[in-house]
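Structure assessment
One letter stands for each residue in the lines below.
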Amino acid sequence: MSASGRVIAEFRRSPRPIRLLGASGQLGYGIPAASFKGGIERKPDLIGCDMGSIDIGPTYLGKGEMATSPESTRRDLRRVLTAARALDVPLVIGSAGSAGAGPHLDATLAMIRDIARTDGLRFRMAVMRADIPRPALLDAVRTGKVTSFDSMPALTEADVTDAAHIVGQMGMGPFRAALEADVDVVIAGRACDTAIFASLPALLGFPVGLAMHMAKIIECGSLCCVPGGRDPILAELDHDGFTLESMNPERRATPTSVAAHSLYEQSDPFTMQEPDGTLDLTHARYEAVDDRRARVSGGTWRDTSAPTIKLEGATKVGERAVLLCGSADPRFIEQCKSLLPKVADLVQSLVCEDQPLDYTLRFRVYGIDGVRMVAPENEAPPGEVFIMGECIAPSRERASEVVRTCKQFLLHFGYPGRLSTAGNIAFPFTPPEVSLGPAYRFNVYHLLHVDDADALFPVEIETV
Amino acid sequence: MKLSDIAQVIRSKNAGPRRLTLDIMFGSDTDYNRVAQSPALGAENIGRLYRVPADQVTIIPYPVGRAIKIVMPRTIMAGDPGDYDVYGAQQHAPLLGIEI
């Protein structure tokens, strides 16, 4: 019997509180060894890791590349896989490979198979793909089954066709099906981070509201603690609540710190929408067990009769090249916001002599308004500024041409009162122009209305 | 007194790629109550600071976490060409100097 079958049988035979280890909120950036070892010594019934999110921007999803380095990703996968097999408990990983589309999942699976081969591990693995089939999605667009939220423009058939990858966030159903198929390892493409941890307790009959609330917290590791951090966290769940404990003794889960975590990256701290229902935290209670453990209860769950799948897709907008430079000249700094558009006009007159305007060129002036959504008026000018010019063009060569031309004419651009006639800007290194490869934007961020939230994500079983 | 002198945490982050959420957390119930009742943290004032219409700004008091949450639309979708802060992690700065 495999790990999930063994754990399910054990709990059905003799019910007891269940222990879940949130090993990493971002697998692939390193798991602290000491606290992970501490977590394993507590003999969890499941080890879970979240591996991705939409927060990292559209390019990883579009390009099909991981955000984490292959070396550190492999090291983390090996750590959790080895521990889960030694304990004979399920290892559950969601949003494989940062963005959870086919290439991300395949790269993750290739690493897992390679680790198994190298280390002589054998196990049964469930794999759930999150890519949404295009013909079915086009049908859904035509029949009004796709809706917008957060003021996103309506999804068009062209958006569906243009996107490099489109994934859907799977909920608990596919994870439950995987765990019920008697497996040792579950690897999902794009998934709700909660499903990684809530699915096993839910199928064992623990209250879904508590399991979901617990999952929402432990998917981030020890971020809910003071001081917050990425160490593994252990949750022990029973039928009345759950207790949280960081596996780093310096991190304390306090009632306030855990309650405050419900705010993190959420627009509403009281209700959270999942594909299969709604988590309601209006009556959640947070109590101290001791000075570094918190007990949480009161979260409730409402199943939905109208499931929705959140879709994410990214489309290529061109090739990106950037120019990196700075200035320490007070007169240039004072005028640069009006000078830069003039430089851009000059660049256009040169690179578009015999070609149409087929690119965008933007500047961000760090020190003035490079970072803030809104820069306040009447701020004193800084002593230095960093200027980033960014070009997005149809080809890598065109983007490079634009930023190289820009570099030269920004360096020598004349303006009233100019003293530094040998050059306006400083380069930290040369070449100061960098080609960054293809640029993407999210063109799909919509809700797909379905009859069955699980049908899109069938479970495939593989013996490794 | 400035908000940055009272709060323990003042942070911003995306809540999905189209919305920005700002969390202000306090070390004591006294500090929380004092700020939660101040009109300086009303939708009108926050909307003015971020140049977002007040009716698109949501203020959520969260006493159990001694925190106040502010939610508003991002002016540009995260990661779109022209974005300035893909994670939205540095948009808290305008809150720091609010006089309470």
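The rules behind the values
Residues numbered from 1 in each chain as written. Chains lettered and ligands numbered in written order. Predicted model: local features only at pLDDT ≥ 70, side-chain atom pairs only at ≥ 80, totals over all residues. Helix = DSSP H or I, 4+ residues; strand = E, 2+ residues; numbered from the N terminus. Buried ≥ 20, exposed ≤ 12 C-beta atoms within 10 Å, placed from the backbone. Contact = placed C-beta atoms within 7 Å. Pairing = 2+ DSSP bridges. Axes fitted to C-alpha atoms, helices over the stretch in contact; angles between N-to-C directions. Nonpolar A, V, L, I, M, F, W, Y, C, P; charged D, E, K, R; others polar. Parallel < 35°, antiparallel > 145°, perpendicular 65-115°, else oblique. Left-handed = near helix turned anticlockwise from the far one by under 90°. Expected span 1.5 Å × (residues − 1).

So, about the overall build of chain B. The helix and strand tally for chain B stands at four helices and four strands. Taken from the N to the C terminus, the helices and strands of chain B come in the order α-β-β-α-α-β-β-α. For chain B, the spread of C-alpha atoms along the three principal axes comes to 45 × 20 × 20 Å. For chain B, with 100 residues in total, the buried portion stands at 39%. For chain B, long-range pairs separated by at least 24 residues make up 58% of all intrachain contacts whose partners lie at least 6 apart in sequence.

Of the regular secondary structure elements, chain A holds 13 helices and 19 strands. Across its three principal axes, chain A shows a C-alpha extent of roughly 85 × 55 × 45 Å. Looking at the 464 residues of chain A, the share that counts as buried comes to 50%. Considering only contacts within chain A whose residues lie at least 6 apart along the sequence, 77% involve residues at least 24 apart.

Here the focus is the sheet that holds strand S11 (residues 277–280) of chain A. Backbone hydrogen bonds hold the strands of a sheet together, and the pairing may be parallel or antiparallel. Residue and element names in this part refer to chain A. The three strands lie next to each other as S10-S11-S14, forming an open sheet whose pairing is antiparallel. Two strands in the sheet have a free side with no partner beyond their single neighbour: strand S10 (271–274) and strand S14 (300–303). Put simply, the sheet's adjacent strands are angled 20 degrees from each other on average, direction ignored. Pairing of S11 with S14, which is carried by four bridges, proceeds in the antiparallel orientation. Considered in S14, the bridge of Gly277 is made with Asp303.

This next bit is on the sheet that holds strand S2 (residues 19–25) of chain B. All names here are of chain B. Taken in spatial order, the four strands of this open sheet run S1-S2-S4-S3, and their pairing is antiparallel. Edge positions in the sheet fall to strand S1 (9–14) and strand S3 (58–62), since each has one partner strand and no second. Across this sheet, the average inter-strand angle for adjacent strands is 15 degrees, counted without regard to direction. Judged from the seven bridges that link them, S2 and strand S4 (residues 67–73) form a sheet pairing that is antiparallel. The residue bridging Arg19 from the neighbouring strand is Pro73, located in S4.

Here the focus is the interface of chain B and chain A. Frequently, the measure chosen for interface size is the accessible area that the parts lose on association. Between chain B and chain A, the residue contacts involve 36 residues of the former and 33 residues of the latter. Put simply, the parts of the chain that give the side of chain B that touches chain A at least two residues each are S1, S2, S3, S4 and helix H4 (93–96) of chain B. Within the side of chain B that touches chain A, the residues separate by chemical class into 18 nonpolar, nine polar and nine charged.

Turning to the packing of helix H4 (residues 70–87) of chain A against helix H5 (residues 102–119) of chain A, a few remarks are in order. Residues and elements named next belong to chain A. It is at 10 Å that the axes of H4 and H5 come closest, and there the two elements cross at 60 degrees. Between H4 and H5, the angle falls in the class oblique. Crossing of H4 over H5 shows right-handed handedness. On H5, the residues touching Thr73, Arg74, Leu77, Arg78, Leu81 and Thr82 of H4 are Met111, Ile112, Ile115 and Asp119. Looking at the contact of H4 with H5, its residues break down into five nonpolar, two polar and three charged.

All names here are of chain A. Of note, the amide linkage connecting Val226 to Pro227 takes the cis form, showing an omega dihedral of -15 degrees. Within the secondary structure layout, Pro227 lies in the loop between helix H10 (208–218) and strand S8 (233–237). For Asp88, which is not glycine, the phi dihedral falls at a positive 55 degrees. For Asp88, the location among the structural elements is in the loop between H4 and strand S3 (91–94). Take Asp88: there are 13 C-beta atoms within 10 Å of it, and that puts it in the partly exposed class. Phi at Ser95 takes a positive value of approximately 55 degrees, unusual for a residue other than glycine. Note that Ser95 resides in the loop between S3 and H5.

Before going further, it helps to spend a moment on the pairing of strand S13 (residues 293–297) of chain A. Residues and elements named next belong to chain A. Side chains of S13 alternate between two faces, with Ala294 and Val296 buried and Arg293, Arg295 and Ser297 left unburied. Here strand S12 (residues 285–290) pairs with S13 via five bridges, running antiparallel. Note that in S13 the partner of Glu287 across the bridge is Arg295. Connecting S12 to the antiparallel partner S13 that follows it, the hairpin turn spans two residues.

In this section: helix H13 (residues 396–411) of chain A. Residues and elements named next belong to chain A. Here H13 spans 23 Å end to end across 16 residues, near enough to the 22 Å set by a 1.5 Å rise per residue. Within H13, burial applies to Ala399, Glu401, Val402, Val403, Thr405, Cys406, Lys407 and Leu410. Taken together, the buried residues of H13 touch strand S15 (308–327), helix H12 (330–351), strand S16 (360–366), strand S17 (385–393) and strand S18 (433–449).

Another aspect to go through is the environment of Met25 of chain B. Relative to the assigned elements, Met25 of chain B resides in strand S2. Of the residues examined, Met25 of chain B has 21 C-beta atoms within 10 Å and is grouped as buried. Taking the C-alpha atoms as reference, Met25 of chain B lies 5.6 Å from Gln8 of chain B; in sequence the two are 17 residues apart. Once residues within four sequence positions are removed from consideration, Met25 of chain B is found in contact with Ala260 of chain A together with Ala7, Gln8, Val9, Gly65, Arg66 and Ala67 of chain B.

Turning to the environment of Ile333 of chain A, a few remarks are in order. All names here are of chain A. Summarising the element assignment, Ile333 is placed in helix H12. A tally of 21 C-beta atoms within 10 Å means that Ile333 is categorised as buried. Separated by 17 residues in the primary sequence, Ile333 and Leu350 have C-alpha atoms spaced 25 Å apart.

Now for H10 of chain A. With respect to burial, H10 of chain A is a largely interior element, 11 of its 11 residues being buried. Within H10 of chain A the residues assigned to the buried category are Val208, Gly209, Leu210, Ala211, Met212, His213, Met214, Ala215, Lys216, Ile217 and Ile218 of chain A.

The next thing to look at is the pairing of S11 of chain A. Relative to S11 of chain A, S10 of chain A runs antiparallel, the two being bridged by four bridges. Counted as the bridge partner of Glu274 of chain A is Gly277 of chain A from S11 of chain A.

Let's shift gears to the packing of helix H8 (residues 172–180) of chain A against helix H9 (residues 193–203) of chain A. Residues and elements named next belong to chain A. Direction vectors running N to C along H8 and H9 enclose 60 degrees, while the axes themselves pass 9 Å from each other. Here H9 runs oblique to H8, going by the angle between their axes. Like other packed secondary-structure pairs, H8 and H9 cross with a definite hand, here right-handed. For the pair formed by H8 and H9, the contact residues are Met172, Phe175, Arg176, Leu179 and Glu180 on the first element and Ala195, Ala198, Ser199, Leu200, Ala202 and Leu203 on the second.

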